[in-house]
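# Fold and contact review
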Amino acid sequence: MSEIDLHKFFLEQVRLFESFPADKVEEIVGKSRLVTFEGNEAIMETGDRGRFIGVIVSGHAEVSVTDNTGVRTVIQQLGPGDICGAISLLTGDPIIADVIAGNRCFVLTIPQEVVHAHILGNPKAVAYLSRVLTDVTRAMSVDIVTARARAVAKSVDPYALSLKTEMPGKVVVLNVGLSQIHFGIYDTQDLGADVQGVIDNTDASVARVSVRVGTQSRTYERASFPHSELFAVMQEAAEKLGSHFAFHLPDVIAVGHRVVHGGSRFSSAVVITASVIADIEALAPFAPLHNPQNLAGIEVAMKQLPHVPHVAVFDTAFHQTLPPYAYLYGLPYELYKQEGIRRYGFHGTSHRYVSLKSAEVLKRSLGELEIVSCHLGVGASMCAIDHGRSVDTTMGMTPTDGLIMPSRAGSLDPAVMIRLMEHYKMSPAELSDLVNKQSGLKGISGLSGDIREIEEAANDGHHRALLAHKAFCYQIRKNIGAYVAAMGGIDVLAFTGDVGETSAAVRSLACQGLGYMGIKLDEERNRNLGRLSSHAIISADDSPVKILVIANDNERLVAWETLRAIERNELLVGTDEKKHPIPIEISAHHVHLSQADVDKLFGPGHQLTPQHELSQPGQYACAEKVHLVGPKGRIANVRVLGPTRKETQVEIAMTEQFKVGIQPPIRESGDLANTPGITLEGPAGSTTIERGVICAQRHIHMTPEDALRLHVRDKYIVRVRIEGERELIYGDVVVRVSPSYRLAMHIDTDEGNAANIRTGMVGYIDAIQSRH
């Protein structure tokens, strides 16, 4: 087919392009590739990541799915002019069906960046893609959730943990501290060429530089230098590993900066702007030894590389989903509101990575797992991750709180500090040095904070070394139990960080006696772990809970967060938010009933009576009401919503929890694992459900067409700005996409009342926090 015939074909036969002028079609085709596939060759396979939309130019292909028994079912036939791959590219999910060429096929592959830049801005093209998504979803003979689960199980990289990108180049990572600068240089094409280095400036007269790639390393000393020469020193260090690892500034496509404290302002990594820099400066009082140094690194890097994106990756961001009862201290509330004194948590990037890697290893959805993550290193913290959300963590307003650490005291009775001030006349600086540098394993043992030295001395019978080791492991084990209680269950126990990865003794003692929780360690696997690659499973084969050891690489994790933040930012660039207002609706407490429970509450065979339609198509408020009865009290006349569901679900607001005496988690609708139960009373009887009570997570309903216009996808977590008497920003809002939805954001009555928000107001998506 000639070039002229090809353009004529796209204009006349491809519905995707029917609203584009000829010159725009020519531009799109020019930026795409025409690829040949032979008969029975896979054009796309289940589990792959969608990188392009394919347009069949000639030949035919079949879209098919395979069930658990290996039976393949054809769900769609594709011919000239039809498209494939739109669902994965536009939803972010792995491909959920195979596309196999029936005979020789010519397919135009339109890359993701071309789709975003040239197609999603056309309303008619967006409407067409939306219909395609709807038609394919309805045509599938298997449940879409099951298909997605299979795709995750088959995908090599279902959570996009790889640093490989379409654009070749290097990602530079900086972690600039007071006495040390950690850096990483990551090649997005050669994933085995990760260069990592440390510049130690402890001695003001000399800089000690160590750099490594794989098992190769170099260490040398050079004259001390100002920050302005940092990039030259990094280039010098990389050169010492050989010319293959040489680092040239024109090759850099992004720079990631570790920033310790993001306060409550930042719930995800963000592309750095002037306002972001101002916010980091304002948060310096919470991390006076860290944030100013982090900013110094940002300033130098932005001068050296002004034309590439720079990203701030915050230690605190992942923990912004903590509920107030988990992050508040028992101090006057005004100190929280006026001074920001609360638990923030740290090691967030590590804990987030652990949660995603655990889901990948288990080949299960992150949204169904309960994970206890133990980051044990120079700093040590634990995190309870309930269905992808951090719900509790051991570190507090600063990284000093929580577990005993190598040189940090961890949690202390505040009266201890008062006693030291009064009796020993210690200054704030002396107290800070004591609890951060002279305590923990080092302080108890009197020897060192190095776990290897502690264990060696303990083996020789050193009493204080034994005591330090036992205290450390006891606190880990105690917090595992606390977090299992907080989440109501556990699926994964994961260890990471230098101590977590290298000390078999710590892992063993942390798990000892927890068999009744389903935590069963295979002692032989644990002892013989050896050098860790990406992860290892050390639980016994019959252990209900998987015990994992996951390799931690702080700089690489920052590089990963950097690439994901840039991707999120690019999705919103060019989107005029004012053109896409989202209606706000206040959702009061309500109940969804199964038919079996309808029969118990209202009599056998009773059918729910629709009273009025709700904003979501097919949903309606019923005339029926029930009473909720908990251990402490009751809530009368709670509206039933229809139609019936497979399982009964009760949604109440936070303030109502105390009234009935239960504490449900914040969950998406339908996510009922390990939720509390309650008794429901109706005119014909009562029923007690064992589970099903939740506080609904803030969410936005939207159609596939809405999602395309707003550049978001199903399960994205976004931030929404609501204009009113005073502007408000809500984070942690989950996007839910379905052809049966109508655009609306739902918040509960507590949130509406607290902020004076009313049904009928509008909001705008102003950031994408994460893309689960």
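Only a predicted model underlies this, so the values are computations on that prediction, with no experimental measurement involved.

## Let's talk about the nonpolar core
The tendency in soluble globular proteins is for nonpolar side chains to be buried side by side. Among the nonpolar cores identified, the biggest contains 45 residues, and Val372, Leu376, Ile476, Ile480, Leu493 and Ile519 are the most heavily contacted of them. It is helix H17 (residues 463-487) that contributes the most residues to this core, 9 residues altogether. Those residues in contact with Ile519 that sit more than four places away from it in its chain are Ile480, Ile490, Leu493, Cys511, Leu514, Ser543, Val545 and Ile547. Core analysis: the second largest hydrophobic core is formed by 34 residues, Ile253, Ala359, Leu557 and Trp560 among them.

## Side note on the pattern of salt bridges
Tallied over the full model, the rule gives 29 salt bridges. With a closest N to O distance of 3.5 Å, Lys303 and Glu299 form a salt bridge. Taken together, the positions of Lys303 and Glu299, both in helix H9 (residues 291-304) and 4 residues apart, correspond to about one turn of that helix. For Glu299, a relative accessible area of 47% translates into the label partly exposed. For Asp401, the salt bridge goes to Arg343, with nearest N and O atoms at 3.5 Å. Placement of Asp401 in the loop between strand S19 (389-393) and helix H13 (414-424) and of Arg343 in the loop between helix H11 (333-339) and helix H12 (348-362) is noted, with a sequence separation of 58 residues between them. Using a relative accessible area of 18% as the deciding quantity, one classes Asp401 as buried. A single network of salt bridges, built from pairs that share partners, joins Glu370, Asp386, Arg667 and Asp671.

## Comments concerning helix H7 (residues 230-239)
Regarding H7, the residues found buried are Leu230, Phe231, Val233, Met234, Ala237 and Ala238. Along the axis of H7, the buried positions cluster into a sector of 160°, meaning they face one direction only. Those residues of H7 hidden inside the fold are in contact with strand S9 (170-176), strand S10 (180-187), strand S11 (195-200), strand S12 (206-213), strand S13 (216-223) and H9.

## Focus on the packing of aromatic side chains
Enumeration over the complete set of coordinates arrives at 7 aromatic pairs. An angle of 80° between the planes, with centres 5.8 Å apart, marks the rings of Tyr353 and Trp560 as edge-to-face. Of the two residues, Tyr353 sits in helix H12 while Trp560 sits in helix H21 (residues 554-572), which places them 207 residues apart along the sequence. Of the two residues, Tyr353 and Trp560, neither departs from the other in class, the shared state being buried. Site record: aromatic cluster; members linked through ring pairs are Tyr327, Tyr333 and Tyr336. Here Arg342 stacks its cationic end above the ring of Tyr327, 3.7 Å away from the centre of that ring.

## A look at the packing of helix H2 (residues 22-30) against helix H4 (residues 112-119)
Contact pair H2 / H4: the axes reach a minimum separation of 10 Å and the direction vectors enclose 165°. Taken together, the axes of H2 and H4 are roughly antiparallel relative to one another. Note on packing geometry: the crossing formed by H2 with H4 is right-handed. Residues Lys24, Glu27 and Ile28 of H2 form the contact with H4, whose participating residues are Val114, His118 and Ile119. Classifying every residue of the contact of H2 with H4 gives 3 nonpolar, 1 polar and 2 charged.

## Observations regarding the sheet that holds strand S6 (residues 83-84)
Strand order in the open sheet made by the 4 strands is S1-S8-S3-S6, with antiparallel pairing throughout. In this open sheet, the two edge strands, each paired with only one partner strand, are strand S1 (33-37) and S6. In this sheet, strand S8 (residues 105-111) lies alongside S1 in antiparallel orientation, the contact comprising 5 bridges. Counterpart to Thr36 in the pairing with S8 is Phe106. Contacts from H4 reach strand S3 (52-58) and S8 within the one sheet, and its direction differs from that of S8 by about 70°.

## Some thoughts on the sheet that holds strand S23 (residues 582-587)
With mixed pairing, 6 strands are arranged side by side around a closed barrel as S23-S36-S33-S35-S34-S37. The sheet shows a mean angle of 45° between the axes of neighbouring strands, direction not considered. Two elements, strand S34 (residues 716-722) and strand S37 (residues 762-771), share 7 bridges in a ladder whose sense is antiparallel. Paired with Ile717 across the two strands is Ser770, which belongs to S37.

## A few points about the state of the cysteines
Inspection of every chain in the model, using the stated rule, returns 0 disulfides. Just so you know, Cys84 is unpaired, no disulfide at all, and the nearest cysteine sulfur is the one on Cys105, 9.1 Å from it. By relative accessible area, Cys84 is classed as buried at 4%.

## Looking at the side chain of Thr394
Here Thr394 shows up in the loop between S19 and H13. Sequence-distant contacts of Thr394, defined by excluding residues within four places in its chain, comprise Arg343, Ala380, Ser381, Met382, Asp401, Gly402, Leu403, Asn479 and Tyr483.

## Considerations on the side chain of Ser358
By secondary structure assignment, the location of Ser358 is in helix H12. By relative accessible area, Ser358 is classed as buried at 0%.

## Comments concerning the pairing of strand S16 (residues 310-314)
The buried fraction of S16 amounts to 5 of the 5 residues, a majority that puts the element mostly inside the structure. Burial along S16 is two-sided: His310, Ala312 and Phe314 and Val311 and Val313, pointing in opposite directions, are all buried. Note that strand S14 (residues 252-259) and S16 share 5 bridges and pair parallel. Paired with Arg258 across the two strands is Val313, which belongs to S16. Relative to S16, strand S15 (residues 270-271) runs antiparallel, the two being bridged by 2 bridges. Across the sheet, residue Val271 finds its bridge partner in S16, namely Val311.

## Side note on the environment of Phe286
With respect to the element layout, Phe286 can be found in the loop between helix H8 (274-282) and H9. Taking C-alpha positions, Phe286 is 50 Å from Lys124, a pair spaced 162 residues apart along the chain. When sequence neighbours within four positions are dropped, the list of residues in contact with Phe286 reads His261, Glu339, Gly340, Tyr344, Met397 and Thr398.

## So, the pairing of S10
Where burial is concerned, most of S10 is hidden: 6 out of the 8 residues are buried. The hairpin turn running from S9 into S10, its antiparallel successor, is 3 residues long.

Definitions and limits used
Residues numbered from 1 in each chain as written. Predicted model: local features only at pLDDT ≥ 70, side-chain atom pairs only at ≥ 80, totals over all residues. Heavy atoms only, no water. Core = buried A, V, L, I, M, F, W, Y, C linked by side-chain atoms within 4.5 Å. Buried < 20%, exposed > 50% of the residue type's maximum accessible area, 1.4 Å probe, protein only. Helix = DSSP H or I, 4+ residues; strand = E, 2+ residues; numbered from the N terminus. Contact = heavy atoms within 4.5 Å. Salt bridge = Lys/Arg side-chain N within 4 Å of Asp/Glu carboxyl O. Arc of directions from axis to C-beta. Phe/Tyr/Trp six-rings, centres within 6.5 Å; stacked < 30°, edge-to-face > 60°. Lys NZ or Arg CZ within 6 Å of the ring centre and 35° of its normal. Axes fitted to C-alpha atoms, helices over the stretch in contact; angles between N-to-C directions. Parallel < 35°, antiparallel > 145°, perpendicular 65-115°, else oblique. Left-handed = near helix turned anticlockwise from the far one by under 90°. Nonpolar A, V, L, I, M, F, W, Y, C, P; charged D, E, K, R; others polar. Pairing = 2+ DSSP bridges. Disulfide = S-S within 2.5 Å.

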